[in-house]
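A closer look at the structure
Residues per chain are reported as follows:
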Amino acid sequence: VGDVVALKEEHGYSGIPITDTGEMGGKLMGIVSNRDITFVTNQSMKLSEIMTPREKLSVAKQGVELTEANEILKETKKGKLPVVNENDELVALIARTD
């Protein structure tokens, strides 16, 4: 959790996708949002304990049009939409502000 807090403070991210490799192109495991870490006091907690897991995320498939992605965000009332390929690997992250 501490690493994510540091990234958010340094770069101003409001949501960070979590992959099995820790990099773009890895299998999507979940996402950590501001809401997930706002009240966490133990920064040595594992991300898996606080993140929204993959099975609860709304995602789009690679090749999605921006207008369609925005509709998904609107319908699901989410701020971030991970985009995955056929292997469920993260290829992009679309924000409501895009």
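For the structure, check the block above.
Remember, predicted model here, so these are calculated numbers, not experimental data.

Next up on the list: unusual backbone geometry. Residue K77 is not a glycine yet carries a positive backbone phi of 55°. Counting through the fold element by element, K77 comes out in the loop between α3 (66–76) and β5 (80–84). Judged by relative accessible area, which is 72%, K77 ranks as exposed. Even without being glycine, D88 reaches a positive phi, approximately 65°. Residue placement: D88 occurs in the loop between β5 and β6 (90–95).

With antiparallel pairing, the three strands of this open sheet are ordered in space as β1-β2-β3. Strand pairing shows two members of the sheet lacking a second neighbour, β1 (15–19) and β3 (52–53), which therefore form its edges. As judged from the two bridges shared by strand β2 (residues 28–33) and β3, these two strands associate in the antiparallel manner. Paired with G30 across the strands is P53, a residue of β3.

What counts as what
- Residues numbered from 1 in each chain as written.
- Predicted model: local features only at pLDDT ≥ 70, side-chain atom pairs only at ≥ 80, totals over all residues.
- Heavy atoms only, no water.
- Helix = DSSP H or I, 4+ residues; strand = E, 2+ residues; numbered from the N terminus.
- Buried < 20%, exposed > 50% of the residue type's maximum accessible area, 1.4 Å probe, protein only.
- Pairing = 2+ DSSP bridges.

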